Amino acid sequence: MKNGTIIYIGGFRFPNGNAAAKLALNYANIFSQLDYRVVLVGIDENSDTDGDERLKSKIFDYDVWNLKYDRSFRNRLCRFVSTENVVGILSEYDDVSAVICYNFRSVPLLRLSTYCRKNGIKVISNTTEWYGKFGQNVILGILNSIDTALRMYVANRCVDGLIVTSSFLKDFYKGSEVVVVPSLSEPFDRVKANDLMNVREKVHLVYAGTPFSVGRRIRDRGMIKDRLDKTIGYLFNLFEESYDFQFDIYGITREQYVKALPEDEPLVDALKEKVCFHGFMDSDVIYSAIENADFTILVRDVSRVTLAGFPTKIAESINLGTPVLTTRIGDMERYVVEGQTGFFFMPNNDDYNISVLRKVLSMDYRGIDSMKRHCRESTVFRRESWINPIADFLDRL
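Okay, so let's go over this structure. (Residues numbered from 1 in each chain as written. Predicted model: local features only at pLDDT ≥ 70, side-chain atom pairs only at ≥ 80, totals over all residues. Heavy atoms only, no water.)

## Here's the deal with the overall build of the chain
Here is step 1 of the chain: The helix and strand inventory of the chain stands at 16 helices and 14 strands.
Here is step 2 of the chain: Split into buried and exposed, the 397 residues of the chain put 53% on the buried side.
Here is step 3 of the chain: Within the chain, counting contacts between residues at least 6 apart in sequence, those at least 24 apart form 73% of the total.
Here is step 4 of the chain: Accessible surface computed for the chain: about 18000 Å², of which carbon and sulfur atoms make up 48%. (Helix = DSSP H or I, 4+ residues; strand = E, 2+ residues; numbered from the N terminus. Buried < 20%, exposed > 50% of the residue type's maximum accessible area, 1.4 Å probe, protein only. Contact = heavy atoms within 4.5 Å. Areas by Shrake-Rupley, 256 points an atom, 1.4 Å probe, with all protein chains shown as cover.)

Dropping the structure here:
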């Protein structure tokens, strides 16, 4: 593929927004090192409804366009089909080599593929999710389910190439031009943590994320992507065995958790200060919490949703020098080294998983410090490790 401008489009909330925005900046850095000009297109949920549809700014010398994101029912329906704003941005640049669409809706992706093909522009689908059930407005839920099926089975087979996060998706798109890159989340402008032993009396665990949609009761726990409920259950068992620990949860409040899972309230009450819900926090606060923790923890079940993606939380934790406790799913063993950068849980094996946590909570600071050193030395999630695979992929298009 010829050098020129790459326009990367998705639900990115710049400048300090969601995990998708962090991912976009990491890819932008890689594309820049490969001598492409990078333009980022995200969304602005706080824009004036009467203002411009597209707002232009700069981040790290990249052109950034934020599209107005109106949450009205009518406009949410329009987003299932519209490409008007995106085509308008493409027309601002005369040397566009490729458009990369991050978890794009199916009809806009198909329409954009047709437009780009006529104009000699490559279209790449960056697919990191296979969305599952939608607990929301019934009409939007049905439309989202149809859209996901069309995107995964039809639209993604009409693009020039795919950047995916798992071997599961690579196998699914066998015959297409595909590169597998785990979710990259290497923080920018962050000072490397001091390489000092962390001496404390109890093991400190952290979870950072949104385990489920807040604001409603969850009746089917199988719909929960991040099984924070299982994590709390495991720790409650060890609390009853008199193990000491500190578990900090970022991204959700105690009230939101209990509203979703009211039957867990007795466990949360019993654990008292051993489990602390901090709610939503700025990324700098979360990065500091992860750096200062002994381990981050992420329990997931095996499903198409969890097999298709790769958790940004894992890359973030290891890049920040903190080992992970996570479920052995999909490609995880390719990136996490047992006993060095983390420990594995087994899917649907609560007794085994409790035994892993029992071992972790019994570790002394020397063992933990050794694992944190391995994480700091790891390059598996560094941007530089993925420049050549991405360059080879682009050259094949």
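## Some remarks on the nonpolar core
Here is step 1 of the chain: Membership of the largest hydrophobic core comes to 115 residues, with the highest contact counts inside it found for Leu-40, Phe-247, Tyr-257 and Leu-394.
Here is step 2 of the chain: Excluding anything up to four places from it in sequence, Leu-394 contacts Met-1, Phe-31, Leu-34, Tyr-36 and Ile-124.
Here is step 3 of the chain: Counting residues in each nonpolar core, the second largest holds 9 residues, with Tyr-250, Ile-286, Ala-293 and Leu-320 among its members. (Core = buried A, V, L, I, M, F, W, Y, C linked by side-chain atoms within 4.5 Å.)

## Re the sheet that holds strand β3 (residues 54-59)
Here is step 1 of the chain: With respect to topology, 8 strands assemble into an open sheet ordered β3-β4-β2-β1-β5-β6-β7-β8, the strand pairing being mixed. Looking at strand neighbours, the two that pair on one side only are β3 and β8 (178-180), the edges of this open sheet. Taking the axes of each pair of neighbouring strands and ignoring which way they run, one obtains an average angle of 20 degrees across the sheet.
Here is step 2 of the chain: Strand direction decides the pairing type here: strand β2 (residues 37-44) and strand β4 (residues 62-68), joined by 6 bridges, are parallel. Residue pairing for β4: Gly-42 is matched across the bridge by Asn-66. (Pairing = 2+ DSSP bridges. Axes fitted to C-alpha atoms, helices over the stretch in contact; angles between N-to-C directions.)

## Considering the packing of helix α7 (residues 228-240) against helix α14 (residues 350-361)
Here is step 1 of the chain: Closest axis-to-axis distance for the α7/α14 pair is 10 Å, and the angle between their directions is 65 degrees. You can see that α7 and α14 cross each other, and the crossing is right-handed. Seen from α7, the contacting residues are Lys-230, Tyr-234, Leu-235, Asn-237 and Leu-238; seen from α14, they are Asp-350, Asn-353, Ile-354, Leu-357, Arg-358 and Leu-361.
Here is step 2 of the chain: Its residues assigned to classes, the contact of α7 with α14 shows 6 nonpolar, 2 polar and 3 charged. (Left-handed = near helix turned anticlockwise from the far one by under 90°. Nonpolar A, V, L, I, M, F, W, Y, C, P; charged D, E, K, R; others polar.)

## Here we look at the packing of aromatic side chains
Here is step 1 of the chain: Scanning the entire structure with this criterion turns up 20 aromatic pairs.
Here is step 2 of the chain: Seen in terms of ring centroids, Tyr-8 and Phe-12 are 5.1 Å apart; in terms of plane orientation they differ by 65 degrees. Their pairing is edge-to-face.
Here is step 3 of the chain: Consider the rings of Tyr-153 and Phe-172, whose centres lie 5.5 Å apart with planes at 75 degrees: the pair is edge-to-face. Note that Tyr-153 is positioned in helix α5 (residues 138-153) and Phe-172 in helix α6 (residues 167-172), a separation of 19 residues in sequence.
Here is step 4 of the chain: Here Tyr-153 falls in the partly exposed class, since its relative accessible area comes to 43%.
Here is step 5 of the chain: Given a relative accessible area of 22%, Phe-172 falls into the partly exposed group.
Here is step 6 of the chain: Taken together, the ring pairs connect Tyr-8, Phe-12, Phe-14, Tyr-27, Phe-31 and Tyr-102 into an aromatic cluster.
Here is step 7 of the chain: Its end group placed over the ring of Phe-172, Arg-157 keeps NZ or CZ at 4.9 Å from the ring centre.
Here is step 8 of the chain: The cationic tip of Lys-274 hangs over the ring face of Phe-245; the distance from NZ or CZ to the ring centre is 5.8 Å. (Phe/Tyr/Trp six-rings, centres within 6.5 Å; stacked < 30°, edge-to-face > 60°. Lys NZ or Arg CZ within 6 Å of the ring centre and 35° of its normal.)

## Points about the pattern of salt bridges
Here is step 1 of the chain: The final tally for this structure, using the stated rule, is 24 salt bridges.
Here is step 2 of the chain: Close ionic contact of Glu-333 with Arg-328 constitutes a salt bridge, the shortest N to O distance being 2.6 Å.
Here is step 3 of the chain: When salt bridges with common partners are traced through the structure, they connect Arg-217, Arg-221, Arg-227, Asp-229, Lys-230, Glu-263, Asp-264 and Asp-301 into a single cluster. (Salt bridge = Lys/Arg side-chain N within 4 Å of Asp/Glu carboxyl O.)

## Some points on the sheet that holds strand β9 (residues 203-208)
Here is step 1 of the chain: Strand order in this open sheet of 6 strands is β11-β10-β9-β12-β13-β14, and the pairing throughout is parallel. Edge positions in the open sheet fall to β11 (275-279) and β14 (342-345), since each of these has one partner strand only. Taken pair by pair, the neighbouring strands of this sheet meet at an average axis angle of 25 degrees, ignoring direction.
Here is step 2 of the chain: For strand β10 (residues 245-250) and β11, the ladder comprises 4 bridges, and the chain directions are parallel. Residue Ile-249 lies in a different strand from β11, and its bridge partner there is Phe-277.
Here is step 3 of the chain: Docked against the sheet, α7 engages β9, β10, β11 and β12 (295-298), running at close to 165 degrees with respect to β10.
Here is step 4 of the chain: Against the sheet, α14 engages β9, β10, β12, β13 (324-327) and β14, with an angle of about 160 degrees to β14.

## Comments concerning helix α15 (residues 365-377)
Think of an α-helix as 3.6 residues a turn; residues three or four steps apart then line up on the same face.
Here is step 1 of the chain: When the terminal C-alpha atoms of α15 are compared, their 18 Å separation across 13 residues agrees well with the 18 Å that a helix rising 1.5 Å per residue should span.
Here is step 2 of the chain: Within the sequence span of α15, burial applies to Ile-368, Asp-369, Met-371, Lys-372, Cys-375 and Arg-376. An end-on view of α15 places all buried positions within 160 degrees of arc, on one side of the element.
Here is step 3 of the chain: On its buried face, α15 sits against β9, α10 (283-292), β12, α12 (312-319) and β14.
Here is step 4 of the chain: Two or three places before Arg-366, at the start of α15, stands the capping residue Asp-364, its side-chain oxygen 3.1 Å from that residue's backbone nitrogen. (Expected span 1.5 Å × (residues − 1). Arc of directions from axis to C-beta. Polar contact = N/O pair within 3.5 Å; in protein donor to acceptor, adjacent residues only side chain to side chain.)

## So, a nonpolar patch on the surface
Here is step 1 of the chain: Taken together, the side chains of Val-138, Ile-142, Ile-146, Leu-150, Tyr-153 and Val-154 define a hydrophobic patch exposed on the protein surface, amounting to about 540 Å² of accessible area.
Here is step 2 of the chain: Owing to a relative accessible area of 49%, Ile-142 belongs among the partly exposed residues under this scheme. (Patch = residues over 30% accessible without salt bridge, like charges linked within 9 Å, V, L, I, M, F, W, Y side chains within 5 Å.)

## A look at the pairing of β4
Here is step 1 of the chain: Where burial is concerned, most of β4 is hidden: 7 out of the 7 residues are buried.
Here is step 2 of the chain: Pairing of β3 with β4, which is carried by 6 bridges, proceeds in the antiparallel orientation. Paired with Leu-55 across the two strands is Asn-66, which belongs to β4.
Here is step 3 of the chain: Between the antiparallel neighbours β3 and β4 lie 2 residues, among them Phe-60 with a positive phi of about 50 degrees.

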